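Observations on chain architecture
Below are the chains, spelled out letter by letter.
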Amino acid sequence: RIVHISAMRNWLRFLALLAIFACICSPVVRAEDDADVVVESGDAPEKPETTYDGFSDEEQKAMEGKTETMEFQAEVSRLMDIIINSLYSNREIFIRELISNASDALDKIRFELLKTKDTSDIPLEIRIKYDEDAKTLTIQDTGVGMSKADLVKNLGTVAKSGTTDFVEKAASGTDSLSLIGQFGVGFYSVYLVSDEVTVLSKKPESEQHVWKSSANQTFSVAPDPRGNTLKRGTSVTLKLKDDAEEFLNPEILEKLIKKYSQFIQFPIYLHTHKMVSKEVPIEEEEAEDDDEEKAEEGEDKEEDDLEVSEDEEEDKEDKKPKTKTVREKVWEWKHINTNKPIWTRKPADIEEKEYMDFYKALTKDTDDPIEYSHFSAEGEISFKSILYVPKKAPHGYYDNYYKKSTALKLYVRKVLISEEFEDFMPRYLGFIKGVVDSEDLPLNVSRETLQQSKVLRVMSKKLTRKAIAMLRKMAEDCEDDEDDEDDESDEEKEDEEKECKYDSFYAEFGKSLKLGIIEDSTNKKKLAKLVRYETSKSEGKYIGLQEYVENMPESQEHIYYITGENKDAVKDSPFIERLTRKGIEVVYMVDPLDEYVLNAIPEFDGVRLMSVTKEDIEIAESEAAKEKANALKEEFKPFGEWLSGKLGKKVSKVEVSNRLAQSPCVLVTSKYGWSANMERIMKAQTLGNAEAQPWMKAQKILEINPLHPLIKEMKKLSEESPDADKLQSAVDLLFDTAMLTSGFSVVDPKEFATNIHSVIGATLGVDSLEVDLEPEEPLESGDDDEEEEEEDDEEEEEEEEKSEGKDEL
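Presented here is an overview of the structure given in this document. (Residues numbered from 1 in each chain as written. Predicted model: local features only at pLDDT ≥ 70, side-chain atom pairs only at ≥ 80, totals over all residues. Heavy atoms only, no water.)

**A closer look at the overall build of the protein**
Along the backbone of the protein there are 26 helices and 24 strands. Taking all 809 residues of the protein together, the buried fraction comes to 42%. In the protein, the proportion of contacts linking residues at least 24 apart, taken out of those at least 6 apart, comes to 75%. A total of about 47,600 Å² of accessible surface is found on the protein, and carbon and sulfur atoms cover 48% of it. (Helix = DSSP H or I, 4+ residues; strand = E, 2+ residues; numbered from the N terminus. Buried < 20%, exposed > 50% of the residue type's maximum accessible area, 1.4 Å probe, protein only. Contact = heavy atoms within 4.5 Å. Areas by Shrake-Rupley, 256 points an atom, 1.4 Å probe, with all protein chains shown as cover.)

**Considerations on the sheet that holds strand S23 (residues 665-669)**
Strand pairing in a sheet is mediated by backbone hydrogen bonds. Such pairs are either parallel or antiparallel. Ordered in space as S22-S24-S23, the three strands form an open sheet in which the pairing is mixed. Two strands lie at the open edges of the sheet, namely strand S22 (653-656) and S23, each paired on one side alone. Strand-to-strand twist across the sheet, computed as the mean angle between neighbouring axes with direction ignored, equals 30°. As paired elements, S22 and strand S24 (residues 700-704) share four bridges and run parallel to each other. By the bridge assignment, glutamate 655 is partnered in S24 with glutamate 703. Sheet contacts for helix H21 (residues 623-647): S22 and S24; angle to S22, the most-contacted strand, approximately 155°. (Pairing = 2+ DSSP bridges. Axes fitted to C-alpha atoms, helices over the stretch in contact; angles between N-to-C directions.)

**Some points on the nonpolar core**
Grouped together as the largest cluster of nonpolar side chains are 75 residues, with contacts concentrated most on Phe431, Leu463, Leu471, Tyr502, Phe505, Leu513 and Tyr560. Excluding anything up to four places from it in sequence, leucine 471 contacts Val389, Leu429, Phe431, Tyr502, Phe505, Leu513 and Leu530. In this structure, Tyr191, Val236, Leu248 and Leu270 belong to the second largest nonpolar core, which totals 57 residues. (Core = buried A, V, L, I, M, F, W, Y, C linked by side-chain atoms within 4.5 Å.)

**Structural notes on a nonpolar patch on the surface**
The grouping of Ile756, Ile760, Leu764, Val766 and Leu769 at the surface amounts to a nonpolar patch, some 440 Å² of accessible area in total. As for its placement among the helices and strands, isoleucine 756 is situated in helix H25 (residues 749-764). (Patch = residues over 30% accessible without salt bridge, like charges linked within 9 Å, V, L, I, M, F, W, Y side chains within 5 Å. Salt bridge = Lys/Arg side-chain N within 4 Å of Asp/Glu carboxyl O.)

**Structural notes on the sheet that holds strand S11 (residues 371-377)**
Across the sheet, which stays open at both edges, the five strands sit in the order S11-S12-S15-S13-S14 with mixed pairing between neighbours. Looking at which strands have only one partner, the edges of the open sheet turn out to be S11 and strand S14 (415-418). On average, each strand axis in the sheet is tilted by 20° relative to the strand beside it, whichever way the strands run. Both strand S12 (residues 383-389) and strand S15 (residues 433-438) contribute to a ladder of six bridges, which runs antiparallel. Bridged to isoleucine 386 within S15 is valine 435.

**Observations concerning helix H8 (residues 250-261)**
In this model H8 runs 16 Å from its N-terminal to its C-terminal C-alpha over 12 residues, within 8% of the 16 Å that 1.5 Å per residue would give. If you check which residues of H8 are buried, you get Pro250, Leu253, Glu254, Leu256, Ile257, Tyr260 and Ser261. Projected down its long axis, H8 carries its buried residues within an arc of 165°, all on one side. Opposite the packed face of H8, turned more than 90 degrees from it, sit the exposed residues Glu251 and Lys255. Each element contacted by the buried residues of H8 is listed here: helix H4 (93-116), strand S3 (126-131), strand S4 (136-141), strand S9 (268-281), strand S10 (323-335) and S14. For H8, the side-chain oxygen to backbone nitrogen distance between the N-cap and glutamate 251 is 2.9 Å, and the N-cap itself is asparagine 249. (Expected span 1.5 Å × (residues − 1). Arc of directions from axis to C-beta. Polar contact = N/O pair within 3.5 Å; in protein donor to acceptor, adjacent residues only side chain to side chain.)

**Some remarks on the state of the cysteines**
For the structure on display, the rule yields one disulfide. What pairs with cysteine 478 in a disulfide is cysteine 500, and their sulfur atoms sit 1.6 Å apart. One end of the pair, cysteine 478, is in helix H13 (residues 454-487); the other, cysteine 500, is in the loop between helix H14 (490-496) and helix H15 (501-519), with 22 residues separating them in the sequence. Taken individually, cysteine 478 and cysteine 500 each receive the classification buried, so the pair is uniform in this respect. (Disulfide = S-S within 2.5 Å.)

**Observations concerning the environment of leucine 740**
Tracing the chain through its elements places leucine 740 in helix H24 (residues 725-741). Overall, leucine 740 belongs to the partly exposed group, its relative accessible area being 44%. Along the backbone, leucine 740 and leucine 667 are 73 residues apart, and their C-alpha atoms lie at a distance of 9.3 Å. Look past the residues within four positions of leucine 740 in its chain and what remains in contact with it is Val746 and Phe752.

**Considering the pairing of S15**
With five of six residues buried, S15 is to be regarded as a mostly interior element. The pairing of strand S13 (residues 408-412) with S15 spans five bridges and is parallel. Across the sheet, the residue bridging to lysine 409 is valine 435, located in S15.

**With respect to the pattern of salt bridges**
The tally for this structure, following the rule as stated, stands at 33 salt bridges. Among the salt bridges present, the one from aspartate 357 reaches lysine 353, with a minimum N-O distance of 2.8 Å. Here the residue aspartate 357 and the residue lysine 353 both occupy positions in helix H11 (residues 352-363), the gap between them amounting to four residues, near one helical turn. Aspartate 357 gets classed as partly exposed once you look at its relative accessible area, which sits at 36%. The salt bridge partner of lysine 514 is aspartate 591, with a shortest N-O separation of 3.4 Å. Taken as a pair, lysine 514 in helix H15 and aspartate 591 in the loop between strand S19 (586-589) and helix H20 (592-600) lie far apart in primary sequence, 77 residues in all. What you see here is one network of salt bridges that share partners, running through Lys511, Lys514, Asp591 and Asp594.

**As for the side chain of asparagine 677**
Note that asparagine 677 resides in helix H22 (residues 676-683). Only 3.2 Å separates the side chain of asparagine 677 from the side chain of glutamate 595, close enough to count as a polar contact. Among the polar contacts made by the side chain of asparagine 677, one reaches the side chain of arginine 680 at a distance of 2.7 Å. What asparagine 677 contacts, discounting residues up to four positions off in sequence, is Thr563, Gly564, Glu565 and Glu595.

**Here's the deal with the packing of aromatic side chains**
Following the criterion strictly, the structure yields 25 aromatic pairs and no others. Residues tyrosine 355 and tyrosine 372 carry aromatic rings whose centres are separated by 4.4 Å and whose planes lie at 25° to one another, so their mutual orientation is stacked. Placement of tyrosine 355 in helix H11 and of tyrosine 372 in strand S11 is noted, with a sequence separation of 17 residues between them. Look at tyrosine 372 and tyrosine 388: their rings are 6.2 Å apart centre to centre, the planes differ by 45°, and that puts the pair in the tilted class. Pair noted here: tyrosine 372 is in strand S11 and tyrosine 388 is in strand S12, with a separation of 16 residues, a long-range link. An aromatic cluster is built from Tyr397, Tyr398, Tyr401, Tyr402, Phe431, Tyr502, Phe505, Tyr506, Phe509 and Tyr542, whose rings are joined through pairwise contacts. (Phe/Tyr/Trp six-rings, centres within 6.5 Å; stacked < 30°, edge-to-face > 60°.)

**A word on the side chain of asparagine 337**
Within the secondary structure, asparagine 337 is located in the loop between S10 and H11. Here isoleucine 264 takes part through its backbone oxygen, which lies 3.0 Å from a polar atom of the side chain of asparagine 337. Reaching out from asparagine 337, the side chain makes a polar contact with the backbone nitrogen of isoleucine 268 at a distance of 2.8 Å. Residues within four places of asparagine 337 in sequence aside, it is in contact with Ser261, Gln262, Ile264, Phe266, Pro267 and Ile268.

**Section: the packing of H24 against H25**
Remark: H24 packs on H25, axes separated minimally by 10 Å, with the N-to-C direction vectors making an angle of 115°. Of the two elements, H24 crosses H25, and the hand of that crossing is left-handed. Here Ser729, Asp732, Leu733, Asp736, Thr737 and Leu740 of H24 come into contact with H25, specifically with Glu751, Phe752, Asn755, Ile756 and Val759. Residues of the contact of H24 with H25, tallied by class, amount to five nonpolar, three polar and three charged. (Left-handed = near helix turned anticlockwise from the far one by under 90°. Nonpolar A, V, L, I, M, F, W, Y, C, P; charged D, E, K, R; others polar.)

As structure tokens, this is what we get:
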């Protein structure tokens, strides 16, 4: 049996080898004339014969004799663990690190060439090539290169101070900003995506060497048996892992290069291909087959008595050279980083169109920005930045307000570090887009480490001040334009009439400024000067609180405002009747955020904000007017006490009002509780519970107008017959109407409707509101239906029993 099994195995091996040989030697099947044939041409990537890095067997043997194998420091496994699990949150970062290293090498060789005045004809560039068959990715530069000693020093050890120091300091939680740049671990990010790495490097005036490692305890260095193939520079070839084959996709590679390195000053080329249609002559065998087919077709046509002229035309066509369409794969080097970092230039040297084009390339927005600011900051940390204000808010911007903002990108020496800094700019300025580039921050740094740094907090403060200054300048320019328009003629106004930029901005992002006042206690005073409101005198235009204060009469001591659901509700409110008659401007605050803004800024430039819907409103009056008001208070004091007793717990007290003109009464709230508008907002909260905070509910105070005819008549009747039923109904109806006009909701809508119907009935002369109804016929008992249902249930049970019997059989 053993001999038989062994023989069977040998036969299986022989058949398998025979099948492989047959596949190799089998002829290629030709495509039909109409099918697309793929042909490779151009500068196609070289296919490795035996190894992924392009060395033949002979070259491998020649190199083995001169190879020196060395050991990494013992802590390399711990270092790899830190790199994979701590430093880099995304493994695609390896391509940023390799391109940055290549850029540094190009910087060094350019400096050397300038110093030695060498006129080298080797271009300073970076080229990236991928091989789908070998699963390799190669990044090559023409930089300064490395000698054998440089390879051992720079790639064999993490730094002079050693891996142990790095591991200990990283584990201890010290300032990782200095650690990462100091120890230079950027190259080791290649092991996030690859198992084996081969580095070829040629330094001027030294031999070309090969450095290899498989992320184990050893690495090898040997002279390159092929000689000087690079001329100068370094080539890094990665043997990608099975789960990293996505980095062999040219579209993904191009996207990553543009994302992280589109502003590198040296050109980056990606070796990619495209499919091109091409007409090629048909081979002789195919042409003969076509002739035979056409001859057969001609015979068929003669049998069908077709015209001879058509055959003659076909003969003429046969004399022309026969071709077919094929799809040809053409390889080319594509320039990726075509955008230039304009922030490194002086603002005076940059045209307006360049700023607009750069914004569109950076944000993919189709509209021009409404404003921008280009500046350099120096001091504890130096950086350059361009900030843009978009023309339109993104769709659903405030619905996603508390999500991370990705509008501002941080670059270090023109290399993107991250675009997801949650605390880089305040959340309320998340709509601002742009770039920040610093030479002082270390390059190899992860997002989590940078967020915790003191340096970032310093940058955040400077950027916030610059952003607010940009908005303030836009607002000031708008005010200057309005002043200039006042001096122009009507014809010039019509010719130059255009919408103020700041008005457009405020319509889109005004909520952000209010949120800033609530969230940013440091800059809330600056932001308060940027908010805009409609007023009782602005005629539909939005004005700032600064302009309101400038327009105030000398006798006015407060900024008067009213909060409400919308403009129509507040402009006709009884609360502002007397103020508007006296010519006092009232600010309309109809945004729900305004209630929270008022808690953050109780005053503006030393002038207190006063709500016209709360008690103890202060209005400048003459001494005679004050004496008259005091006399009315004394006169109506007994009536107020009577009215308060009729209303009971509905109100805390009744007072004579100094804010009413045409309305009989109004309900005001206490100084330190919710206003009627705030109570409405709290009730509308989806997950809120206004009943859980009873102490914050508005304490209602009924203010009466002593000059109104209804109040005068009610006072008179209360003195004659204070307990009359019709008087109680009038009091309840008066209170409910005051609730509605003051912004509250009616407590008992049914009672309110009954009182209204009574008034309507009295007006129409209807004696009674009771309806004479005929007796209703009761519904049938439904016993017959119950009997039918019982019969149906019995039939169903019988059918179930029959089916169960069949199943048993």
